[in-house]
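What the coordinates show
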Amino acid sequence: MTIRTRIAPSPTGDPHVGTAYVALFNMVFARSQGGQFLLRIEDTDQTRSTPESEQAILDALSWLGLNWDEGPDVGGDKGPYRQSERSDIYAKYANELIEKGYAFRCFCTPKRLDELRATQMQEKKPLGYDGHCENLSEDEIAERLANNEPYVVRMKVPREGQCTFNDMLRGEISIDWAQVDMQILLKADGMPTYHLANVVDDHLMEISHVIRGEEWINSAPKHILLYQYFGWELPVFCHLPLLRNVDKSKLSKRKNPTSILYYQRMGYLAEALLNYLGRMGWSMPDEREKFTLDEMMAEFDIQRVSLGGPVFDVEKLSWLNGLWIREELTDEQLADRLHQWALNRDTLLQFLPFAKQRMETFSDIAPLGSYLVSGMLPITAEDLQSAGMEDDQLLEVLQFALWRLEAIQQWQRDNIFEALKGTADAMDIKLKPFLAPLFIAIAGSSSSISVMDSMALLGADMSRARLRFAIDLLGGIGKKKLKKMEKAYQQLN
Ligand code: GLU
C-alpha cells in the first residue's frame, strides 16, 4: 500500500502554528516511508474562507520548509485540491446516500431548530437533531420539493450502541452513538459540510492515514459511518495531541501568539521553528533538542509521539532559535538572513516617507525606526499610564481596539483607521486621547509616526501582539473581567 497523508487547512484566518505542526508530522510520516503528502484546501465555509488566508497558509508552510507532492498550487492527478471547486462531486455522493436510505432531506426551519435546542438545554438533554424529518413519506417529500421548500441533507445515525474504532496512537476508542448528531452533510445552498467533503476527498484522493489534531476524535464516528455507508475502505486514523499553552490550556492567541506570521516577523529561523514543532510530543531516540528536518525524517517513528499535551513554550523556542543562530549560521549567513528578514532596502523604503519629515541626520533613523524591527518593546505599565487614563479605561481602550483590529480582513491603513475611529466614537472618547496609549503600545513613544501607519507597516500579527503585551503589562484581564468586557463591547457595536 502506498502511504498517502494530507493536511487539510480551512483558509479562515492566519496560518496557525498548529496547522504547521500537524502538516509536519503528516509529511514526515509519509515521506519517511516513501509515501506522498498532499495539501487540500477545505473552503466549504464560503462566508469565512478567503483567498488571502489561503495564500498566507501556503506561503507560511512553504517558508517553514514544508512542501507537498500534490496541492492547489502544484497540481496532481487527484485534483482539484480546493473543495470549492468540487461541489458537484459532493452533491452526487449526498444523493447516493439518500437513495441508499442512509441520509434524508430535512426541511426543518431554523426557528424549529432553535426551539428544539432551547428545550433540550432547558431539560438538560444532549443537544442534537431529533429525527423529525427522518421518516417523511415519499409524497410529503415530493410535495415539499415541488413547493421549493429549502432543505438540508442529514446523515442517519444509529441511536443505540457504540462506535468503536482504532486510533494509531490511542488504541481502541469507543463513543456512544447517542452522542453523535445526525450531521448535516449538504447545506441548503448545496454546499457540503466539512464532514461529507472531508470523507469523500480522503477517499478519492486515496489517503491511507488520516493524521490530524485530537479535536477531531469526536467527529470520527460520523466519518467512519460515512465510509461504511459508501462501502469504502477505512483509512488509518491518528489523532495527534493538541498544542497547549504553558498553563496546559489549549493553545490560544490570548496567551500565546499562534500565527506563523508572528514568528516570521519576530525573526525566528524557519528551521528552528520547524525543529521546535518536531519536538511537540515527539523526541529523537537520543532525546537531543536540536535537529534538522532530514534528521527527523531519518529517525521518525510515529509511535514515539507521546499523548501528554505538548506545551508550546515561546521561551523554549527562543532558546532553541538562539542555538540555531549560534551553532548553525556563519556570520556571513546570519548577515544574509537578517537582510532577508527585515534589514533591507524594502523596509527602509516603506518607512522613509514618514521618517524623512522628522530626520535631521542619518543617525536619527535608529531611534525613529527601531520599533519596526523590534519584537516586544521595552515599555512599562507607567509608560502606558502616562497617557493619562485610569487603568480600567486603559485596559478597555486596548482590548476593544484589539477586538476591532482582529476583525479586519484586509490589513490596510484605511481599515485600521476606521476600526480605531469607530472604537473611539463608540466609547465616546476623542480620537487623540484614545490613540495616545496605542502609540505607546505600538511604537514605544507618543512621538512616533501616526499609529495607523505604524500598524500598517508592522503588520497585523505584530501589532496585535504588542497590544496584548501592553494589556499584560497592566496586569492582564482575568476571566471574569473579560466576560464583562465582552458584554460591554457587544453593547458598543
Ligand atoms: N479542515 C479541517 C481543519 O481545518 C481538517 C480536519 C481534518 O484534518 O480532518 O482542521
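Residues numbered from 1 in each chain as written. Predicted model: local features only at pLDDT ≥ 70, side-chain atom pairs only at ≥ 80, totals over all residues. Heavy atoms only, no water.

**As for the packing of helix H17 (residues 413-427) against helix H18 (residues 431-443)**
At a minimum axis distance of 9 Å, the contact between H17 and H18 shows a crossing angle of 120°. Put simply, H17 runs oblique to H18. Like other packed secondary-structure pairs, H17 and H18 cross with a definite hand, here right-handed. Every residue of H18 that contacts H17 at Phe417, Leu420, Lys421, Thr423, Ala424 and Met427 is listed here: Leu431, Phe434, Leu435 and Leu438. Partitioned by chemical class, the residues of the contact of H17 with H18 number 8 nonpolar, 1 polar and 1 charged. (Axes fitted to C-alpha atoms, helices over the stretch in contact; angles between N-to-C directions. Helix = DSSP H or I, 4+ residues; strand = E, 2+ residues; numbered from the N terminus. Parallel < 35°, antiparallel > 145°, perpendicular 65-115°, else oblique. Left-handed = near helix turned anticlockwise from the far one by under 90°. Contact = heavy atoms within 4.5 Å. Nonpolar A, V, L, I, M, F, W, Y, C, P; charged D, E, K, R; others polar.)

**Here we look at the side chain of arginine 4**
Assignment of secondary structure puts arginine 4 in strand E1 (residues 4-7). Separated by 2.7 Å, the side chains of arginine 4 and glutamate 70 make a polar contact. If we skip the residues at most four places from it in the chain, arginine 4 touches Gln36, Leu38, Glu70, Lys78, Met205, Glu206, Ile207, Ser208 and His209. (Polar contact = N/O pair within 3.5 Å; in protein donor to acceptor, adjacent residues only side chain to side chain.)

**Digging into the packing of aromatic side chains**
Within the structure shown, the criterion is met by 21 aromatic pairs. Ring geometry for phenylalanine 165 against phenylalanine 237: centres 6.4 Å apart, planes inclined by 70°, an arrangement best described as edge-to-face. Remark: phenylalanine 237 occurs in strand E9 (residues 236-240) and phenylalanine 165 occurs in strand E5 (residues 162-167); sequence separation between them is 72 residues. Overall, phenylalanine 237 belongs to the buried group, its relative accessible area being 3%. Each ring, one from tyrosine 262 and one from tyrosine 263, has its centre 5.0 Å from the other, and the planes form 90°; the classification is edge-to-face. Both residues of the pair, tyrosine 262 and tyrosine 263, belong to the buried class. Over the face of the ring belonging to tyrosine 93 we find lysine 92, whose NZ or CZ atom lies 4.4 Å from the ring centre. Arginine 105 extends its terminal NZ or CZ atom over the ring of tyrosine 151, reaching a point 5.5 Å from the ring centre. (Phe/Tyr/Trp six-rings, centres within 6.5 Å; stacked < 30°, edge-to-face > 60°. Buried < 20%, exposed > 50% of the residue type's maximum accessible area, 1.4 Å probe, protein only. Lys NZ or Arg CZ within 6 Å of the ring centre and 35° of its normal.)

**A word on the pattern of salt bridges**
Per the stated rule, a full pass over the model turns up 33 salt bridges. The partner of lysine 421 in a salt bridge is aspartate 425, with the nearest N and O atoms 3.0 Å apart. Of this pair, lysine 421 and aspartate 425 both sit in helix H17, 4 residues apart, which is roughly one turn of that helix. Assessed through its relative accessible area of 46%, aspartate 425 is described here as partly exposed. Through salt bridges with shared partners, a single network forms among Arg6, Arg40, Glu42, Arg86, Asp201 and Asp202. (Salt bridge = Lys/Arg side-chain N within 4 Å of Asp/Glu carboxyl O.)

**Describing helix H20 (residues 460-473)**
Here H20 is 14 residues long and its end C-alpha atoms lie 20 Å apart, about the 20 Å a rise of 1.5 Å per residue gives. Burial within H20 is extensive, with 11 of its 14 residues counted as buried. Buried within H20 we find Ala460, Asp461, Met462, Ser463, Arg464, Ala465, Arg466, Leu467, Arg468, Ala470 and Ile471. Two residues or fewer after H20 comes glycine 475, characterised by a positive phi angle close to 100°. (Expected span 1.5 Å × (residues − 1).)

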